[in-house]
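# Survey of secondary and tertiary structure
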Amino acid sequence: MLNQLTISELSARLARREVSAREAMQSCLERIARVDGKIHAFISHDAEDALAQADAADQWLARQGGKNAGPDGGRPLLGIPIAIKDVLAVKNQPLNCGSKILDHFISPYDATVVEKLRAAGVIVFGRLNMDEFAMGSSTENSAFGVTHNPWDLARIPGGSSGGSAAAVAADECLAALGSDTGGSIRQPAALCGCVGLKPTYGRVSRYGLVAFASSLDQVGSFTKDARDAAILLGALAGHDPRDSTSVPQPAPDYAARLTGEIKGLKLGLPREYLVGGLDAEVKAAVEAAVKKFQELGAEVVEISLPHTDYAVAVYYIVATAEASANLARFDGIRYGLRVDSVDPTELYRRTRGAGFGAEVKRRIILGAYVLSSGYYDAYYLRAQKVRTLIRGDFLKAFESVDAIVTPTTPTAAFKVGEKSDDPLQMYLSDIFTISCNLAGTCGLSVPCGFTRNPKLPIGLQLLGRPFGEETLLNLAWAFEQNTAWHREKPPL
Ligand code: GLN
C-alpha cells in the first residue's frame, strides 16, 4: 500500500511513473478514513485540496516524462503527502494550535517551511492534533480531544506533536512536520516508533510557527526512516530573512551525505542519564543499541553533563516566561475567539478565561510570576545563568565526542489519564530531551526496540553538535541498515 512507503520509496516509484501522486494521496485518505476515528491524529483535513495538489504534481511528472524526479533526481519530495502540526501556518487553512482561543482563525499566509515544501512539490495537507500551544507531553491538552497511540489505543502518543507522530506511525501520511521546544518531536517519535528530528536552533526558519518559547522552539520532522529525515531537512533548512534567528549558513545536501560509514566516530554516554527512574526495558534497549554502534566501529566513552539535574527546572522558568509574553497577543481583539464586553479589560479577561485551557493558564501564571519585579533576579535571571552552564556542558562534551547517545524517554508510552492530574510527573517525561533545547543543539530519536508486554516502541536519542545534523542522520541511518526496529508496524 502506497501510504506505507517511505518518502524515498514512493519518490522512486513516482519517478518511474509506476504510480501517481493522486493514487498515493488517495491511499493516505483511505487510511485516514479507516483508522483515524480510533487514533484522532488529525483535527481536520481537506481531501479535495490535497487531491488537487496531487494532480498538479502528476501533471509536472507527465510533462517531464518522469525525469528530474525521484530520490536522486532534482525533486525527491514531489508528490509526497506530508501532514502539518496545527501550530504552523498554512495559507487558507485553519490554525488553532490545539486551542479554543484561535476558534475560526484561518491562516492568511504560509509558514516559510510550508512555502519550502510547496516549492519542493510536496502535497501539504491536514491539521495534526497537538497539546494546546505545544504545552504538554501527551496530546491530552488539546481542545480537540486526545490523540491515541497507534501501538496501544489506551495509551498516549507523547506530545506535544502527538498527532504528527501517530499519523506517521499509523501510515496516514508519509511524513509530518512538528515543533520541538523541550522534546515535542523526539518524545512522541520515540513513543510511536518513528524518526523525529529536532534541528539546531537557527537551522530552520520559525516564520509562521506560532511561538511558544521563542528561544527554544524549532521546526522539525517525523519520518519513517533516517533517510527521509535527511531528505526533508535538505528541503527545510536554510536562512530566512523573515526569521532573524535563522543562520545564514548554507545547508549541506544531507541525503547525499549518508554514507553509513561510522567507523571511528566517538559517541558519549552521559553518566547522568542512565540512572533513577529509567525503565529497565528502555535501559536494556539503549544498551543494546550502544553495543550495535560499537560493532559498527564507533567508539563509546562515558561523559558527564553535570548540570543535567537542573534542566527541567530551568526549562520551566525560561519556557513559561517566554510563553507568558508570547501568548499575550491572544486577547480577543486580533485573533480568533472573543467573549464580548463593553469594558476592554473585562473582554480580555473573559476571552482568555474561556479560550485557554488549564495547562496554558498554569504556564502563563508561572511565567508572569518568574518575570515579575522582585522575583526576576531570583528565578528568570538565575535560570538564564544555569542555561549557559548547561550549554557549556554540551560544548565541552563535543570537544571530545562526535555525538551523545541517551534514551529519548525514561519509559515507553503511558496510559491516557495516567499523568494528566500530576503536572510535575508529566514535566519529568521530557527529562532527557529538554537540555538539547536549552543548549540550542540538535537531536534525533530513532526506534531501537520494544517493550515486551504490551509491545510499545522505545526510542534512542542522538544529540549532536550545533549544526551537526549530518552526523546524527548518518548514525541513525547506519543503525537502521543493521536493525529492523523502524520497519515494524502497529497492529491496527
Ligand atoms: N513537554 C514539554 C512542555 O510541555 C515540551 C513541549 C514542546 O517541546 N513543545 O513544555
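Fair warning: this is a prediction, and the values are worked out from it, not measured in the lab. (Residues numbered from 1 in each chain as written. Predicted model: local features only at pLDDT ≥ 70, side-chain atom pairs only at ≥ 80, totals over all residues. Heavy atoms only, no water.)

## Some details on the packing of helix α4 (residues 112–119) against helix α7 (residues 226–236)
In a pair of packed helices, the angle between the axes and the distance between the axes together describe the arrangement. Direction vectors running N to C along α4 and α7 enclose 110°, while the axes themselves pass 9 Å from each other. One way to sum up the angle between α4 and α7 is to call them roughly perpendicular. Contacts between α4 and α7 pair Val113, Lys116 and Leu117 from the former with Leu232, Ala235 and Leu236 from the latter. Along the lines of polarity and charge, the residues of the contact of α4 with α7 split into five nonpolar, no polar and one charged. (Axes fitted to C-alpha atoms, helices over the stretch in contact; angles between N-to-C directions. Helix = DSSP H or I, 4+ residues; strand = E, 2+ residues; numbered from the N terminus. Parallel < 35°, antiparallel > 145°, perpendicular 65-115°, else oblique. Contact = heavy atoms within 4.5 Å. Nonpolar A, V, L, I, M, F, W, Y, C, P; charged D, E, K, R; others polar.)

## A closer look at the confidence of the model for the protein chain
Here the protein chain averages 96 in pLDDT, and 100% of its residues register 70 or above. Across the protein chain, the element-wise mean pLDDT spans from 89 in helix α13 (residues 423–427) up to 99 in helix α5 (residues 162–169). (pLDDT = per-residue confidence, 0-100.)

## What about the sheet that holds strand β5 (residues 195–198)?
Think of a sheet as strands paired side by side through backbone hydrogen bonds, with each pair either parallel or antiparallel. Taking strand neighbours across the sheet as the criterion, the 11 strands line up as β1-β3-β2-β4-β6-β5-β10-β11-β9-β7-β8 in an open arrangement whose pairing is mixed. The outermost strands of the open sheet, each flanked by one partner alone, are β1 (42–44) and β8 (299–303). In this sheet, neighbouring strand axes are inclined to one another by 35° on average, regardless of whether the strands run parallel or antiparallel. Sheet topology places strand β2 (residues 81–85) next to strand β4 (residues 175–180); three bridges connect them, and they run parallel. (Pairing = 2+ DSSP bridges.)

## Things to note about the packing of aromatic side chains
Counted under the stated rule, the structure contains 17 aromatic pairs. Judged by centre distance (5.0 Å) and plane angle (55°), the ring pair of tryptophan 151 and phenylalanine 450 falls under tilted. Of this pair, tryptophan 151 sits in the loop between β3 (123–128) and α5 while phenylalanine 450 sits in strand β10 (residues 442–450), and the two are 299 residues apart along the sequence. With relative accessibility at 17%, the residue phenylalanine 450 sits in the buried group. Ring centres 5.3 Å apart and planes at 25° place the aromatic pair tyrosine 273 and phenylalanine 432 in the stacked group. With tyrosine 273 in the loop between β7 (266–270) and α8 (280–295) and phenylalanine 432 in the loop between α13 and α14 (434–439), this pair connects stretches of sequence that are 159 residues apart. The same class applies to tyrosine 273 and to phenylalanine 432, which are both buried. Geometry around phenylalanine 450 places lysine 455 over its ring, the cationic atom sitting 4.7 Å from the centre. (Phe/Tyr/Trp six-rings, centres within 6.5 Å; stacked < 30°, edge-to-face > 60°. Buried < 20%, exposed > 50% of the residue type's maximum accessible area, 1.4 Å probe, protein only. Lys NZ or Arg CZ within 6 Å of the ring centre and 35° of its normal.)

## Focus: helix α12 (residues 377–400)
Between the first and last C-alpha of α12 there are 34 Å, a value that for 24 residues agrees with the 34 Å anticipated at 1.5 Å per step. Listed in full, the buried residues belonging to α12 are Tyr380, Ala383, Arg387, Ile390, Asp393, Phe394, Ala397 and Phe398. In the core, the buried residues of α12 are packed alongside β8, α9 (311–326), α11 (358–371), β9 (403–407), α14 and β11 (457–464). (Expected span 1.5 Å × (residues − 1).)

## Some remarks on unusual backbone geometry
Look at the link from glycine 159 to serine 160: it is a cis peptide, with omega at 5°. By the secondary structure assignment, serine 160 is in the loop between β3 and α5. With phi around 60°, histidine 40 is a residue other than glycine that occupies positive phi space. Relative to the helices and strands, histidine 40 is located in the loop between α2 (21–39) and β1. A relative accessible area of 22% places histidine 40 in the partly exposed class. Unlike most non-glycine residues, alanine 134 shows phi in positive territory, near 70°. Inspection of the secondary structure assignment puts alanine 134 in the loop between β3 and α5.

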